[in-house]
Structures are given as C-alpha cells and as structure tokens.
Amino acid sequence: MTNSAKHTAMANAIRILSLDSVERAKSGHLGLPLGAADIATVLFSKFLKFDPKAPNWPDRDRFVLSAGHGSMLLYSALHLLGYEEASLNELKNFRQLGAKTAGHPEYGHLAGVETTTGPLGQGIANAVGMAVAEEKLRAEFDKQLVDHFTYCLIGDGCLMEGISHEAASLAGHLKLNKLIVLWDDNDITIDGHVTLVDSTDQIARFKAYGWQTISIDGHDEKAIANALKEAQASDKPSFIACKTTAGFGAPHKAGKPAAHGGPYGTEEAQAVRKSLGWTNDPYDIPEEIMDDWRLAGLRSTKKRVDWENKRDAKDTDTTREFNRRMASELPNNLDQVFEALKQSLADEVPEVATRKASQIVLEAINPHLPETMGGSADLQGSNLTKTAGMEDFLAQNYAGRFINYGVREHAMAAMMNGMALHGGIIPYSGGFFIFSDYCRPSIRLAALMEIRVIHVMTHDSIGVGEDGPTHQPVEHLASFRAMPNVNVFRPADATETAECWQLAMQNKTTPSILSLTRQGTSPLRTEFDKENLCARGAYCVFGEEGAQAVIFATGSEVELALQAAKTLQGEDISARVISVPCLELFSQQDKDYRSSLIGAPKARVAVEAGVQMPWDHLLGDTGKFIGMNSFGASAPAADLFVHFGITAEAIVASVKSQL
C-alpha cells in the first residue's frame, strides 16, 4: 500500500466509524467528521505528541475540538489510536445515557478529551489559555519538562462567535507560537452556506491579529503535513485554513448545508460506504488499517519515557514541586499561612471594602502559591488582583504571573478554564460583577467540568453608587446561585474574605465567585478563631439560640443586620444574626446543623442588596425580605441604600410586623 493509499484508508476509518455511530444513534453531526478526517489523520498519526497508555502525561500536546458537534471525529480517532476508554462499545453507545461518548465532548468522561466543547468559540479560547499555561510553566520549569504544542480544530461557527475575536487577538499580541489552529473551512452552516451570513476574509483577519496564516487543501495529506511543519517552526501563533468538503463522500449531501447534521439515513449511508470503497460491515476495521492506527498511537511512547527520565533526573525539590503542581495539590503550609493572616486581621481589625480585603489576602498567599496566575479585564485598579512582585505576563516575559486581558471578559473566563485544564496553574481574575454576564458561558462550563477557577467580582451591588443601574448587579447573585456546582461567596469583612479565599483554593472541583464590595465594611469578626467559620456557609454572629427573630444577611448588609438586632434587643426583642457568606455550602450542611442555627423563630428576615429569589426557602411563607425588586439608580451609595429601603430601620420594622 502506498503512503497515499495508507493515509486514505486511515482517514476513511474515521469516516466510517463516525458514520456507523451517528446512524446507530440516529443523532449527531457527520459533516465535520467526514470532511475533516484527513486533517485529523495527519495530525494524530504524524504530529501530535501523546501516549494512550499515559493519557495524562503532563508534556503531551493538547488537542481541542472547538467545533464540538463533530465529536465523533475525536471519539473515532481515540478508539483507533488505542485509548482504552474509547472502546468499540462506547462508540456504539454514542449519545446514549451513561456513555462516555456524549453528544459533545465532555472533559472527565473520556481520556483524550481535553475540554468540554459544544458552545462554539469556547474551544479556541480554552486553547489560548492552554498555550498561556504552557509558556508560563516552560519559563518556570524549563523546556525539558514543558515543551509542547496546543492544537485546535475550529469551524465557521467558532469564527463567527465574538469570543474568537477576543481570544485570537490576545493570542497574537502575546505571540503564543506554540498554538496552532486549524480551520475546517467548509463554507456551510445549519441554515445555509456561510456566504448567506458572512463575507469576512478570515486570513486577513488573523494576519491583522499578528498570526502566521496558511491556506491549504484540507484533503491533501502532503499539504496538511507541510502546513503543520511550517506552523511548528513559526514565531507566531498559526492559523491554517483547510478548505474541505463537509460530508465528504456523501453523494447527495456533500458540500451542502444538509451535510452538517445527521443521521444521513440508510440509503445515503450505504452510498457513502460505496463512495469510499468501504466493504466491511459496520464497526469492522480491517486489520491492516487498525495496525497502522495503533502504531501511530505508540509513536510517542519513547518520548514519554525519555521525558519521565528527565523529570526524575531533576533535583528533588524541582521534581516534587512539578509533580505537586500537576496534581493540583496545594502547598502543605497554606493552612498555616491563612491562620497567620486571620490572626493579623484580628489584631489589626481593618475597616476596608472586601475588594481591598481580597488584595490583603492575595498579598499574603501569593508568595506561597507560585501556581496562581492573576489577571483583570482592564480593571486592576478597581479589582485589586495584582500583588507586589507580580510581573506582567507578556510576549517578552512568559514568567509573569499577571495577565492583562484588556476589555475581554468572555475570553478571560474561557482562557482561565484552559489554564486550569492544562494543569499546574490556578487561575483567578478580576472584573466588575455586572460584567459577569460576559463570563457566564465559561463559568457554566467550568462548573460542568468541575474545575478550579476563581472569579473576583467586585462592585457587587447598588453600593457601586454613581455609575448607576448599568453597573449595579441586582439579579446576578441569584442567577449564579441557580447554576449547579458554583460557589458564590459574599463575605462581610476582611476575615470572612480570607476564609472564602481559603475555601475557593481548597475546592478543586468547583469554580468560585467572590462577590466583593466597592464600599468599606465594618469588622464583623474582631476575635481570632482558628476554625474556618465560613466553611459551613452560614453561622451565628450575634444572639442566642431560641431567639424570637432570625436575620439572615450577606456582605455589606450584615452590618445593617447587626444594627437592627441591637436595636431590637434594646426593645426586649431577642434577635439572632446569621451571616451567610455562601448559600451553596449552607445548603450542603446536615439538617441538625441547619436546624440548630436557625431554630424556630417567630420572625425571619433576609437582607441582601439583590433580588429575593435565593432566600425564599429560608424565609418560608411568612418571612420578609429586605433588598431589591427593581434595577438600581445613579446616586451616592449611601443614598441608594436609603432610597431602596435597605436599612436597619426597615429590618426592625419587618421583624416587628411578624411578632
């Protein structure tokens, strides 16, 4: 068999396995797997550095299928290459309940899937984050331990989504030359040809970003290989436009919008097999072709073994530190660092905004956490996420630990996901809470993937003041609390802020949002307590068990709750104030703790400068809520709290109305 014939046979194996699986599931997308099989075959069999027997090898190349709807391309390749989890049974169970071969690739389900994709554009931004992590770790540990590429296969939809602009422009600015993006340029979308909706010159676009650009025939194996060689040698990120035919081999659908989705049906599926010259039964791969694929899967085994030897030959401290970082384990002394910080906060009792308290925390912990990479979306002076000695991550300085994202919140959040997925990095970022709407799709995917990313969201309420309702979060606390597997922290003072940071760092499988004030807060905790009281999500800060009234509060409103409770106490009405820095953690506590904390009060009040929705289960049918039921307004913060009735006097009145 000639090399060309061998390539065609290997590519057709991807096509046929994809065809068989989509037809069996009666659901899925065939346009990309049939059209991009030549690209995948050249990349996986000749260029990609990986080992199916050690799928988590830290120095493997990363491959991101940004066009996640074409998932069968990836699943077929993983099976052919010898990834144990990508068994034939998994392919046969494509898109079925409990299968690892989900409709779109899902991180954690199947070895070889580096990230969850499907929402278009997310994958390319994840890939930029992975390339950032690779550069940062290579600058820190050297090329012997970290020296790999990040490849990303994208479609027209990824390029239309605005996040691709944000991520690609920053990648070009940072000169991430280990990033190689392959565009499946097939000129179709679901509703029609791309020309129906877009006339962008993508080559000119990426040249303007500072990328190397290459245009090839995506079905020409030599052209694909030459382009990849050229990209690997570039001093810029590379964008390879691969002209392909969607649904390649389908006589009646190829190159048409109908090729995008599947199944194609029995008649067209048979026609594809005939067109490709494939005579074997479904899921039957000829032995010679399977052998060629399995040999391709073994291609990097020696490189992996050599890498392990180089790692083990490093000095003990370097090897231990690298292994710790890649295992996502925190330093052994971090709890002591937090304990010392809390002691100093109890001694100094700072009256600061919780955003400033967050900076105090970061100043204390960042010297002990070399894996943290901070950043901000052009709001560092407000978010306070950059600490002393933290250099900027730049094209001229990949050792830097602070990323200036510019006004790119969407890409920022998705890049953070990519950094966390790469390993060795704990990313955190800064933005205004109101602009979390731009980050929401990426935060949702972080929650779905169960990864540790930390979003510092400052200016958390009408306390923003004069900037007005466009910049005042109202519904945001409720909306993120509604999202599964996200911890929303809203600390009341500096000590609570420290404890919330500690919890965010400790939780490896849940993204965190720290909702922090612009305005100053009075100290809530003035005595040192070694225990992390925020760990249970809610705890008593004033009053005794059996109180007539219970007042729940978060953030800056805890101070108002305390004022109200003391007023009530002066009128012989017992009240208990419960600070609730994290409703999610409180809901996870056992019934005994929750019952002992709340008791059976005659009056219940919740106070928060947001909407009521998250509090109904604690208030019951008769409890009262003090907060927002509209958008905010432009005025000084103190005036706004009075205007919207978020005051100690309103809390007192709400308690009395229930007694």
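Residues numbered from 1 in each chain as written. Predicted model: local features only at pLDDT ≥ 70, side-chain atom pairs only at ≥ 80, totals over all residues. Heavy atoms only, no water.

Novice: Explanation requested: helix H9 (residues 202-209) in the structure shown.
Specialist: Three or four residues apart is the spacing at which side chains of an α-helix point the same way, because the helix has 3.6 residues per turn. For H9, the full list of buried residues reads Gln 202, Ile 203, Arg 205, Phe 206 and Tyr 209. Axial view of H9: buried residues confined to an arc of 160 degrees, hence all on one face. Turned more than 90 degrees away from the buried face of H9 sit Lys 207 and Ala 208, all of them exposed. Structurally, H9 contributes buried residues whose contacts are with helix H7 (156-160), helix H8 (162-174), strand S3 (179-185), strand S4 (212-217) and strand S5 (238-243). Remark: Gly 210 follows H9 within two positions and exhibits a positive phi of approximately 95 degrees. (Buried < 20%, exposed > 50% of the residue type's maximum accessible area, 1.4 Å probe, protein only. Helix = DSSP H or I, 4+ residues; strand = E, 2+ residues; numbered from the N terminus. Arc of directions from axis to C-beta. Contact = heavy atoms within 4.5 Å.)

Novice: Where do I start with helix H10 (residues 221-232) in this structure?
Specialist: When the terminal C-alpha atoms of H10 are compared, their 17 Å separation across twelve residues agrees well with the 16 Å that a helix rising 1.5 Å per residue should span. Listing the buried residues of H10 in full gives Glu 221, Ile 224, Ala 225, Ala 227, Leu 228 and Ala 231. Axial view of H10: buried residues confined to an arc of 165 degrees, hence all on one face. Residues of H10 that are exposed and point more than 90 degrees away from the buried face comprise Lys 222 and Lys 229. For H10, the side-chain oxygen to backbone nitrogen distance between the N-cap and Lys 222 is 3.1 Å, and the N-cap itself is Asp 220. (Expected span 1.5 Å × (residues − 1). Polar contact = N/O pair within 3.5 Å; in protein donor to acceptor, adjacent residues only side chain to side chain.)

Novice: What should I look at first to understand the pairing of S3 in this one?
Specialist: Taken residue by residue, a regular strand's side chains alternate between the two faces of the sheet. Among the seven residues that make up S3, seven are buried, leaving the element largely enclosed by the rest of the structure. Burial along S3 is two-sided: the face carrying Leu 179, Val 181, Trp 183 and Asp 185 and the face carrying Ile 180, Leu 182 and Asp 184 are both buried. One ladder, built from five bridges, connects strand S2 (residues 150-154) with S3; its direction is parallel. Across the sheet, residue Tyr 151 finds its bridge partner in S3, namely Ile 180. Pairing of S3 with S5 involves six bridges; the strand directions are parallel. Looking across to S5, one finds that Ile 180 is bridged to Ser 238. (Pairing = 2+ DSSP bridges.)

Novice: Sorry, what's going on with unusual backbone geometry here?
Specialist: Gly 262 connects to Pro 263 through a cis peptide bond whose omega is 0 degrees. Among the secondary structure elements, Pro 263 is positioned in the loop between S5 and helix H11 (266-276). The phi angle at Asp 187 is positive, at roughly 65 degrees, despite the residue not being glycine. Relative to the elements of secondary structure, Asp 187 occurs in the loop between S3 and H9. Positive phi values are uncommon outside glycine, yet Glu 450 reaches one of about 60 degrees. Structurally, Glu 450 is set in the loop between helix H19 (436-449) and strand S9 (454-458). Residue classification places Glu 450 among the partly exposed positions, given a relative accessible area of 47%.

Novice: What am I meant to see in the nonpolar core here?
Specialist: One broad trend across soluble globular proteins is that nonpolar side chains are buried collectively. Formed by 80 residues in total, the largest nonpolar core has its most connected members in Ile 365, Trp 501, Ile 551, Phe 552, Trp 615 and Ile 646. Those residues in contact with Ile 551 that sit more than four places away from it in its chain are Ala 561, Ala 564, Ala 565, Leu 568, Ala 575, Arg 576, Val 577, Ile 578, Val 605, Val 607, Ile 651 and Val 655. If you look at the next biggest cluster of nonpolar residues, it comprises 71 residues, including Ile 14, Leu 43, Tyr 83 and Ala 111. (Core = buried A, V, L, I, M, F, W, Y, C linked by side-chain atoms within 4.5 Å.)

Novice: Even after reading the chapter, I still don't get the pattern of salt bridges, so can you show me in this structure?
Specialist: One pass over the structure, following the stated rule, counts 30 salt bridges. Two residues, Arg 304 and Asp 51, come together in a salt bridge whose shortest N-O distance is 2.9 Å. Taken together, the residues span a long stretch of sequence, with Arg 304 in helix H13 (residues 301-313) and Asp 51 in the loop between helix H3 (37-47) and strand S1 (62-65) at a distance of 253 residues. On the basis of relative accessibility, which here comes to 15%, the residue Arg 304 falls in the buried class. Judged by relative accessible area, which is 1%, Asp 51 ranks as buried. Salt-bridge contacts for Lys 314 lead to Asp 142; the nearest nitrogen and oxygen are separated by 2.5 Å. Here the residue Lys 314 occupies a position in the loop between H13 and helix H14 (316-326), and Asp 142 occupies one in the loop between helix H6 (122-141) and S2, the gap between them amounting to 172 residues. For Lys 314, a relative accessible area of 17% gives the class buried. (Salt bridge = Lys/Arg side-chain N within 4 Å of Asp/Glu carboxyl O.)

Novice: I'm lost on the environment of Glu 134 in this one. Help?
Specialist: Within the element layout of this structure, Glu 134 appears in helix H6. Residues Glu 134 and Leu 179 lie 45 residues apart in sequence; the distance between their C-alpha atoms is 9.8 Å.

Novice: Honestly, the side chain of Arg 138 in this entry has me stumped. Any pointers?
Specialist: Along the chain, Arg 138 turns up in helix H6. With residues near it in sequence (within four places) discarded, Arg 138 still touches Lys 143, Val 146, Asp 147 and Lys 178.

Novice: Is there a simple way to explain the sheet that holds strand S12 (residues 539-542) in this structure?
Specialist: What links the strands of a sheet is backbone hydrogen bonding, and the strands pair in either a parallel or an antiparallel sense. The strand order across the open sheet built from five strands is S12-S14-S13-S15-S16, with neighbouring strands paired in mixed fashion. Of all strands in the sheet, those with a lone pairing partner are S12 and strand S16 (624-626), marking the two edges. When the angles between neighbouring strand axes are averaged without regard to direction, this sheet yields 30 degrees. Sheet topology places S12 next to strand S14 (residues 575-579); three bridges connect them, and they run antiparallel. Across the sheet, Phe 542 pairs through a bridge with Val 577, a residue of S14. Contacts from helix H27 (residues 648-656) reach strand S13 (549-553), strand S15 (603-607) and S16 within the one sheet, and its direction differs from that of S15 by about 155 degrees. (Axes fitted to C-alpha atoms, helices over the stretch in contact; angles between N-to-C directions.)

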